[in-house]
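Each chain, written out:
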Amino acid sequence: MPAAAAKETLGFQAEVKQLLDLMIHSLYGNKEIFLRELVSNASDAADKLRFEALSGNTLYGADADLKIRVSYDKQARTLTVSDNGIGMSREEVVNNIGTIAKSGTREFFQSLTGDQAKDARLIGQFGVGFYSSFIVADRVTLVTRRAGLPSGEAVRWESDGGGEFTVEAVEKQARGTDVVLHLRSSEDELLSDWKLKEIIRKYSDHIAIPIVMKKMKWDKEKSEEKATDEDETVNQASALWARAKSEISEEQYREFYKHVAHDPEAPLAWSHNRVEGRQEYVQLLYIPARAPFDLWDRHERRGLKLYVRRVFIMDDAEQLLPAYLRFVRGVIDSNDLPLNISREILQESRDIEAIRAGSTKRVLGLLEDLAGNQKDKYAGFWKEFGRVLKEGVGEDPANRERIAKLLRFASTHADSEEQNVSLADYIARMKAGQDKIYYVTAETFLAAKNSPHLEIFRKRGIEVLLLSERVDEWLAANLAEHEGKALASVAKGELDLSNLQSDDEKKEEAKQAGGHRALVAKLKDALGDRVKDVRVSSRLTASPSCLVADEHDMGGNLARILKAVGQKGPQPKPILEINPAHPMVQRLEAEKTRFADWGILLFDQALLAEGGQLDDPAGFVRRMNELMLEMAGEGSRIIVPGR
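This text gives an overview of the structure that appears in the document.

**A few points about the overall build of the protein chain**
Assigned secondary structure in the protein chain consists of 22 helices and 22 strands. When the 643 residues of the protein chain are sorted by exposure, 51% land in the buried category. Here the analysis covers contacts within the protein chain between residues at least 6 apart in sequence; of these, 70% occur between residues at least 24 apart. Summed over all atoms, the accessible surface of the protein chain reaches about 30,700 Å², with 47% contributed by carbon and sulfur.

This is how it looks when you write it as structure tokens:
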């Protein structure tokens, strides 16, 4: 665009207005984050220039010494963060700053809580740290020129944080970006050399390129410090992961995590290793303490930052870890990969496969250490990321057993919704003669806890895992056994507890099954194609009936989940099991005129008890009303047309 182009005034996207309001009015207590975010953005710009310059060093021009400069002007009351990184074109400025061009926007705003610390964490995760400038500034000016564009195509962006911003073409001799903050009247401390250096060393010491400020010298005549013409590097300016572990403090590890993950909260745990052998690489992997708000957004790209010989390649190399470990943050720096590696090559590279396998084992080892030695920390991890880790049982067969040992469940042992039971805990409490790990799946914890399928298990003191998350169906389908014990659904197939029964109990069960053949046959005829079969139950002690799936059929809960997400799958008919000791079943056995109605009512009740939906709710209500009136001794007073 020619330099003479007129200034253009544009309006912010609605979501940006909401975000700016949050920045200005809600996050003042965490105001130091603005400098951390601006320095991180500048570091990213330098990394992107390095990557683009791999295909042509001409982008560097005569300025190959990458750095970030922080300066201030007391008289003008401005603070400036400059970089000589990749810069932005006019289109990039409008798209990157005027709008939030990112999926998950609605979820982001729904996640805002009003709690300053929590919201500051979300802002970093959402990648909109630039807007934190308005915490301390009442006006922000950005001047940028993209590498490779002529000096006349630089862009000046400015806004006071209201509903609009201006964009115009300007001259800028050097590539890169200058962010000028016009500070609020209450921000005098930011016009101070020592304060700015304190913030930089606190939050950005790990940045791998120099952050420079002018050296200060004491002026005896004016009794104050004055800036000299000499630059001073404020941070260590070396890749943290490349240093020896003995040279890195825990605080430095934590601050690097905050930079790489855009998360002001300290990580839960980390692992820093140098791998040598057929492949040589360094891995610095972090487990966050909290799940990002968009963890379940499938369109959000995630992954580790990939470097090759400390040259940045990409910041979301998802091929370096399987999807079920997508919460892990950190850096992989390889000595063997080519500098011009692409996403397509990543998918096919044997070196990447080896790095992926090694990194996966390292993360699982870190989780095993937490689970074994820091149980409180692991409980916190499971609460945040347990559902994601469960995906690994099906996604990663090679590590299935290791993942299974890390799983935690709710169970009938405590009847608590808290998922703190491991499979090892369950096996240790198994009854003598018990050869299966029993579980029940349902849409909610209460539905699982109160399932009629559990009645015989509760009576005999047999523990059952209570699975109430959607991913649990996937988990159960892919975890056939553990430590030689088969996993068995209490709601599928014939229940065989013969190893736990006395001879008298076995005889009584056989007697019950054989003594009601006529009722079973009549009920099966009345229900028709609603059921696959009808049989006397060995599961029930208090309920009149329940529905079970045949051994190799899809369970009712899974069928409902697939239907809810619009997936068409097989719709197998359930098996109705009845409890002949229940008064309702005994009443049914004696019924002559309305046997079919009461049989259907029994089926509908069983369907509702397991969380299903009725095909004919009005028919169910009518039958219930007639039953209640009849039990009251008044006969049916309901007039049904046509009857």
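**Thoughts on the pairing of strand β14 (residues 329–334)**
With 6 of 6 residues buried, β14 is to be regarded as a mostly interior element. Of the two faces of β14, the one lined by Arg-329, Val-331 and Asp-333 and the one lined by Gly-330, Ile-332 and Ser-334 are each fully buried. Where strand β11 (residues 281–287) and β14 come together, 6 bridges link them in antiparallel fashion. Considered in β14, the bridge of Val-282 is made with Asp-333. In terms of strand pairing, strand β12 (residues 304–308) meets β14 through 4 bridges, oriented parallel. From the neighbouring strand, Val-308 faces β14, where its bridge partner is Ser-334.

**Focus on the packing of aromatic side chains**
One pair of aromatic rings is described through two measures. These are the centre distance and the angle between the planes. One pass over the structure, following the stated rule, counts 14 aromatic pairs. Ring centres of Trp-270 and Tyr-286 lie 6.2 Å apart, and the angle between their planes is 50°; this geometry places the pair in the tilted category. Here Trp-270 is found in strand β10 (residues 269–275), whereas its partner Tyr-286 is found in strand β11, with 16 residues between them in sequence. Judged by its relative accessible area of 0%, Tyr-286 falls in the buried class. We note Lys-522 situated over the ring of Phe-595; from NZ or CZ to the ring centre the distance is 4.4 Å.

**Side note on the sheet that holds β10**
Spatially, the 5 strands line up as an open sheet ordered β10-β11-β14-β12-β13, and their pairing is mixed. Only two strands of the sheet have a single neighbouring strand rather than two, namely β10 and β13 (311–317). For this sheet, the mean angle separating the axes of adjacent strands, direction not counted, is 15°.

**Notes on helix α7 (residues 250–261)**
Taking 1.5 Å of rise per residue, 12 residues should cover 16 Å, and α7 covers 16 Å from first to last C-alpha, within 8% of that figure. Of all 12 residues that make up α7, 9 are buried, and the element is covered over most of its length. Buried within α7 we find Gln-252, Tyr-253, Glu-255, Phe-256, Tyr-257, Lys-258, His-259, Val-260 and Ala-261. Among the residues trailing α7, His-262 stands out with phi positive, at a value near 50°.

**Regarding the packing of helix α21 (residues 595–609) against helix α22 (residues 617–631)**
Contact pair α21 / α22: the axes reach a minimum separation of 10 Å and the direction vectors enclose 115°. Every pair of crossing elements has a handedness; the one defined by α21 and α22 is left-handed. Of α22, the residues touching α21 (which contributes Asp-597, Trp-598, Ile-600, Leu-601, Asp-604, Gln-605 and Leu-608) are Phe-620, Arg-622, Arg-623, Met-624, Glu-626, Leu-627 and Glu-630. Broken down by class, the residue content of the contact of α21 with α22 amounts to 7 nonpolar, 1 polar and 6 charged.

**Section: helix α10 (residues 375–390)**
Taking 1.5 Å of rise per residue, 16 residues should cover 22 Å, yet α10 covers just 18 Å from first to last C-alpha, more than 12% shy of that figure. Considering bend angle alone, the principal kink of α10 is centred on Glu-384 and spans about 65°. Those residues of α10 lying buried are Tyr-378, Phe-381, Trp-382, Phe-385, Gly-386, Val-388, Leu-389 and Lys-390. Buried residues along α10 sit in contact with β11, α9 (350–373), α11 (392–395), α12 (400–406) and α16 (471–478).

**Describing the side chain of Glu-391**
In this fold, Glu-391 is placed in the loop between α10 and α11. Since its relative accessible area comes to 10%, Glu-391 is described here as buried. Separated by 3.0 Å, the side chains of Glu-391 and Arg-326 make a polar contact. Not counting chain neighbours up to four residues away, the residues in contact with Glu-391 comprise Trp-296, Tyr-324, Arg-326, Val-471 and Trp-474.

**A short note on the sheet that holds strand β19 (residues 485–489)**
A sheet is described by the order of its strands in space; here 5 strands give the open sequence β15-β17-β16-β19-β18, paired in mixed fashion. The open sheet has two free edges, formed respectively by β15 (410–411) and β18 (481–482), since each of these has just one partner strand. The sheet contact formed by strand β16 (residues 436–441) and β19 spans 4 bridges and is parallel. The partner of Ile-437 across the bridge, within β19, is Leu-487.

What counts, and where the lines are drawn
- Residues numbered from 1 in each chain as written.
- Predicted model: local features only at pLDDT ≥ 70, side-chain atom pairs only at ≥ 80, totals over all residues.
- Heavy atoms only, no water.
- Helix = DSSP H or I, 4+ residues; strand = E, 2+ residues; numbered from the N terminus.
- Buried < 20%, exposed > 50% of the residue type's maximum accessible area, 1.4 Å probe, protein only.
- Contact = heavy atoms within 4.5 Å.
- Areas by Shrake-Rupley, 256 points an atom, 1.4 Å probe, with all protein chains shown as cover.
- Pairing = 2+ DSSP bridges.
- Phe/Tyr/Trp six-rings, centres within 6.5 Å; stacked < 30°, edge-to-face > 60°.
- Lys NZ or Arg CZ within 6 Å of the ring centre and 35° of its normal.
- Axes fitted to C-alpha atoms, helices over the stretch in contact; angles between N-to-C directions.
- Expected span 1.5 Å × (residues − 1).
- Left-handed = near helix turned anticlockwise from the far one by under 90°.
- Nonpolar A, V, L, I, M, F, W, Y, C, P; charged D, E, K, R; others polar.
- Bend = angle between axes of the 7 residues up to and from the residue.
- Polar contact = N/O pair within 3.5 Å; in protein donor to acceptor, adjacent residues only side chain to side chain.

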